[in-house]
Amino acid sequence: MADRLTQLQDAVNSLADQFCNAIGVLQQCAPPASFNNIQTAINKDQPANPTEEYAQLFAALIARTAKDVDVLIDSLPSEESTAALQAASLRQLEEENHDAAARLEEVVYRGDMLLEKIQSALADIAQSQLRTRNGAPHQPSPAES
C-alpha cells in the first residue's frame, strides 16, 4: 500500500485528468455556435447532445475526487506532531500490540486444549462404535476408570 503522500499525488493527478477529460468531452459535445445567424445544413441535422448528462457526470467525479484529496490532506501529520509525540504514540501502540499478542496466545492455548478434548472424545466415540459393531462387550477406557 502506498504512503499518504503518494496517495495524495495520485488523487491530484486523477483530479487533473478528470478536469482535462471533462473539458474535452464538453467541448466535443457542445453545440456549434452560429455566426450572424448563418445556419448550414450540417448544423440543422445534428442530433441533440447529452451535454447536461456529461456535465453532471464530470461534476460528480470531480467533487468526489476533490473530497478524497481533502480527506488525504487531513490525514497527513500536522506540524504540531513532534518526534516526541510520535515516539510516545509508537510506545503506546507497541504496548497495545503486546497486550493483544498476549491475549491471542491465551486464546490459542485454550483452543488447543479444547481441540485435544474434542479429539479425545471423538476417539472414544469411534472406539465405542467399533466395539458395538463387532459385538464386543464394553470395556471402560482409561479416562472412564
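The rules behind the values
- Residues numbered from 1 in each chain as written.
- Predicted model: local features only at pLDDT ≥ 70, side-chain atom pairs only at ≥ 80, totals over all residues.
- Heavy atoms only, no water.
- Helix = DSSP H or I, 4+ residues; strand = E, 2+ residues; numbered from the N terminus.
- Buried < 20%, exposed > 50% of the residue type's maximum accessible area, 1.4 Å probe, protein only.
- Contact = heavy atoms within 4.5 Å.
- Axes fitted to C-alpha atoms, helices over the stretch in contact; angles between N-to-C directions.
- Parallel < 35°, antiparallel > 145°, perpendicular 65-115°, else oblique.
- Left-handed = near helix turned anticlockwise from the far one by under 90°.
- Nonpolar A, V, L, I, M, F, W, Y, C, P; charged D, E, K, R; others polar.
- Patch = residues over 30% accessible without salt bridge, like charges linked within 9 Å, V, L, I, M, F, W, Y side chains within 5 Å.
- Areas by Shrake-Rupley, 256 points an atom, 1.4 Å probe, with all protein chains shown as cover.
- Salt bridge = Lys/Arg side-chain N within 4 Å of Asp/Glu carboxyl O.
- Expected span 1.5 Å × (residues − 1).
- Lys, Arg positive; Asp, Glu negative; His and termini not counted.
- Charge placed at Lys NZ, Arg CZ, Asp CG, Glu CD.
- pLDDT = per-residue confidence, 0-100.

## Examining the overall build of the protein
Then comes step 1: A tally of regular secondary structure across the protein gives 4 helices and 0 strands.
Then comes step 2: For the protein, buried positions account for 9% of its 145 residues.
Then comes step 3: Of the contacts made within the protein by residues no fewer than 6 positions apart, 74% connect residues no fewer than 24 positions apart.

## Some remarks on the side chain of threonine 65
Then comes step 1: Relative to the elements of secondary structure, threonine 65 occurs in helix α3 (residues 51–75).
Then comes step 2: Residue class for threonine 65 comes out buried when judged on its relative accessible area of 8%.
Then comes step 3: When near neighbours in sequence (up to four residues on either side) are disregarded, threonine 65 contacts Ala11, Ser14, Leu15 and Gln18.

## Here we look at the packing of helix α1 (residues 4–29) against α3
Then comes step 1: At their nearest, the axes of α1 and α3 sit 9 Å apart, and the two run at 165° to each other. Viewed along their axes, α1 and α3 adopt a mutual orientation that is roughly antiparallel. With respect to the hand of their crossing, α1 and α3 are arranged in left-handed fashion.
Then comes step 2: Each residue belonging to the contact of α1 with α3 can be placed in one class, and the counts come to 18 nonpolar, 7 polar and 1 charged.

## Here's the deal with a nonpolar patch on the surface
Then comes step 1: Side chains of Leu114, Ile118, Leu122 and Ile125 sit close together on the surface and give an oily, nonpolar patch of about 380 Å² of accessible area.
Then comes step 2: Taking relative accessible area as the criterion, leucine 122 reaches 52% and is therefore assigned exposed.

## Considering α3
Then comes step 1: With 25 residues, α3 should cover 36 Å at 1.5 Å per step; its first-to-last C-alpha distance of 36 Å lies within 8% of that length.
Then comes step 2: Within the sequence span of α3, burial applies to Phe58, Ile62, Thr65, Val69 and Leu72.
Then comes step 3: Looking at the buried positions of α3, the neighbouring elements they touch are α1.

## Here's the deal with α1
Then comes step 1: In a regular helix each residue adds 1.5 Å, so 26 residues correspond to 38 Å; α1 covers 37 Å between its end C-alpha atoms and thus fits that length.
Then comes step 2: Every buried residue of α1 is accounted for by Leu8, Ala11, Leu15, Gln18, Ala22 and Cys29.
Then comes step 3: The inward-facing, buried residues of α1 contact α3.

## What to know about a negative patch on the surface
Then comes step 1: Taken together, the side chains of Glu94, Glu95, Glu96 and Asp99 define an acidic patch exposed on the protein surface.
Then comes step 2: Mapped onto the elements of the fold, aspartate 99 is located in helix α4 (residues 83–134).
Then comes step 3: Relative accessible area serves as the criterion here: at 42%, aspartate 99 is assigned to the partly exposed category.

## Some thoughts on the confidence of the model for the protein
Then comes step 1: Per-chain confidence: the protein averages 84 in pLDDT, with 81% of residues scoring 70 or above.
Then comes step 2: Highest mean pLDDT in the protein belongs to α4 (94); lowest belongs to helix α2 (residues 41–45) (51).

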